[in-house]
Amino acid sequence: MNHGQQSSDGKHDDDAALSDFLASLMDYTPTIPDELVEHYLAKSGFQCPDVRLTRLVAVATQKFVAEVASDALQHCKARQGAVVKDKREKQQKDKRLILTMEDLSKALRECGVNVKHQEYFADSPSTGMDPASREDQ
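In this text, all values refer to a predicted model and were calculated from it rather than measured experimentally.

How each quantity is defined
- Residues numbered from 1 in each chain as written.
- Predicted model: local features only at pLDDT ≥ 70, side-chain atom pairs only at ≥ 80, totals over all residues.
- Heavy atoms only, no water.
- Helix = DSSP H or I, 4+ residues; strand = E, 2+ residues; numbered from the N terminus.
- Buried < 20%, exposed > 50% of the residue type's maximum accessible area, 1.4 Å probe, protein only.
- Areas by Shrake-Rupley, 256 points an atom, 1.4 Å probe, with all protein chains shown as cover.
- Salt bridge = Lys/Arg side-chain N within 4 Å of Asp/Glu carboxyl O.
- Arc of directions from axis to C-beta.
- Contact = heavy atoms within 4.5 Å.
- Patch = residues over 30% accessible without salt bridge, like charges linked within 9 Å, V, L, I, M, F, W, Y side chains within 5 Å.

Considerations on the overall build of the protein
Then step 1. For the protein, the helix and strand inventory stands at six helices and zero strands.
Then step 2. When the helices and strands of the protein are read in sequence order from the N terminus, they spell out α-α-α-α-α-α.
Then step 3. When burial is assessed residue by residue, the protein has 13% of its 137 residues classed as buried.
Then step 4. Total accessible area computed for the protein in this model is approximately 11,100 Å², and 55% of it derives from carbon and sulfur atoms.

What to know about the pattern of salt bridges
Side chains bearing opposite charge may pair, as long as their charged atoms lie close to each other.
Then step 1. What the rule picks out here adds up to five salt bridges.
Then step 2. Note that D34 and R55 form a salt bridge whose closest N and O atoms lie 3.1 Å from each other. Of this pair, D34 sits in helix α2 (residues 34-43) while R55 sits in helix α3 (residues 51-86), and the two are 21 residues apart along the sequence.
Then step 3. Classification of D34 as buried rests on a relative accessible area of 13%.
Then step 4. We classify R55 as buried; its relative accessible area is 14%.

Describing α2
Then step 1. D34, V37 and L41 are the residues of α2 that are buried. Each buried residue of α2 sits inside an arc of 65° when the element is viewed along its axis, so together they form one side. Seen from the buried face of α2, the exposed residues on the opposite side, beyond 90 degrees, are E35, Y40 and K43.

Side note on the side chain of Q80
Then step 1. Tracing the sequence through the fold places Q80 in helix α3.
Then step 2. Leaving out residues up to four positions away in the same chain, Q80 has contacts with R96, L97 and I98.

Examining a nonpolar patch on the surface
Then step 1. A surface patch of nonpolar side chains, amounting to about 240 Å² of accessible area, comprises L18, F21 and L56.
Then step 2. Summarising the element assignment, F21 is placed in helix α1 (residues 3-24).

Some words on helix α5 (residues 101-110)
Then step 1. Taken as a whole, α5 has its buried residues at D103, S105, A107 and L108.
Then step 2. Trailing α5 by a residue or two, G112 shows a phi angle of about 90°, which is positive.

Examining the environment of F21
Then step 1. The class for F21 is partly exposed, based on a relative accessible area of 37%.
Then step 2. As a C-alpha pair, F21 and L56 span 35 residues in sequence and 9.6 Å in three-dimensional space.

Have a look at this one:
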């Protein structure tokens, strides 16, 4: 067999598969609207009139968000599982999962995204209140 021919046949198959995939994006409605994707692409300086490319970015974004949410859920389950071991009787009562910013931060960190959340401090009981209502106190 000629290795050059195998290489070109494999490339032809890859090109055909890519063409089929891009064509299927025309009929697909992603969870993330085209307008939202186009807005953020334009904001980053990228403009492309091809809706297939916009939908490809939407599908990739949807996959990323789903993976981060799944990883955060696993962190949440692990964290709450460790707490429940200390309190066996509470395990039967409360089976709700509470996703925290800490769980989400850990999942994002695994993907290379560092999240810094703002520290909030209250100097007085009126901190964070509307200035007009502060005067009444």
